Amino acid sequence: SLQRRLQLEDTSFQELLQQVRQGLAKQWLASSATFEEISLQLGFTETRSFFRYFKQTFGVTAGDYRRARKERD
């Protein structure tokens, strides 16, 4: 079963979900998607929740990340 496979890999569904969510957040912030679209796609009911999550996870605001990414590209 999936649960056994995840245990063999020393991970959990929640950890995998977090990794995917983090990758998608960065990917979508590099695109022209709005903050509202990104937060909905990632499963947040409010954009504020996405902003808090992003700041706690990456240590910078989503807006700052987007600006820095655009400056690099």
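The residue numbering used here restarts from 1 in each chain and proceeds along that chain's sequence as written. In keeping with the predicted nature of the model, local features appear solely for residues at pLDDT of at least 70, side-chain atom pairs appear and are counted solely at 80 or more, and the whole-chain, interface and lining totals rest on all residues. Processing note: side-chain calculations cover all non-hydrogen atoms of the structure and skip hydrogens and water entirely.

A. Inspection of the nonpolar core at higher detail. Among the nonpolar cores identified, the biggest contains 11 residues, and these are Ala25, Leu29, Ala33, Ile38, Leu42, Phe44, Phe50, Tyr53, Phe54, Ala62 and Tyr65. Secondary-structure elements contributing two or more residues to this core are α2 (13–29), α4 (47–58) and α5 (62–72). Starting at the N terminus, helices and strands are each numbered in turn, a helix being any DSSP run of H or I of at least four residues and a strand any DSSP run of E of at least two. Top element by residues in this core is α4. It accounts for 3 residues. Contact between two residues is taken to exist if any of their heavy atoms lie within 4.5 Å; hydrogens are not considered. Once residues within four sequence positions are removed from consideration, tyrosine 53 is found in contact with Gln18, Arg21, Gln22 and Phe44. In this description, a nonpolar core means a group of buried Ala, Val, Leu, Ile, Met, Phe, Trp, Tyr and Cys residues linked to one another through side-chain atoms lying within 4.5 Å. Three labels apply to residues, based on accessible area from a 1.4 Å probe with only protein chains included: buried if under 20% of the type maximum, exposed if over 50%, partly exposed otherwise in between.

B. Broad picture of the packing of aromatic side chains. In this scheme Phe, Tyr and Trp rings, the latter by its six-membered ring, pair at centre separations within 6.5 Å, and the angle between planes marks the pair as stacked below 30 degrees, edge-to-face above 60, and tilted otherwise. This structure, assessed with the given rule, holds 7 aromatic pairs. Ring geometry for phenylalanine 50 and phenylalanine 54: centres 5.9 Å apart, planes at 55°, overall tilted. Taken together, the residues phenylalanine 50 and phenylalanine 54, both in helix α4 and 4 residues apart, mark about one turn of the helix. Each of the two residues, phenylalanine 50 as well as phenylalanine 54, counts as buried. An aromatic cluster is built from Phe35, Phe44, Phe50, Phe51, Tyr53, Phe54, Phe58 and Tyr65, whose rings are joined through pairwise contacts. Two limits define a charge over a ring: the Lys NZ or Arg CZ must be within 6 Å of the ring centre, and within 35 degrees of the ring normal. The lysine or arginine in question, arginine 21, covers the ring of tyrosine 53, its NZ or CZ lying 5.7 Å from the ring centre. A cation over an aromatic ring shows up here: arginine 66 above the ring of phenylalanine 35, its NZ or CZ 4.9 Å from the ring centre.

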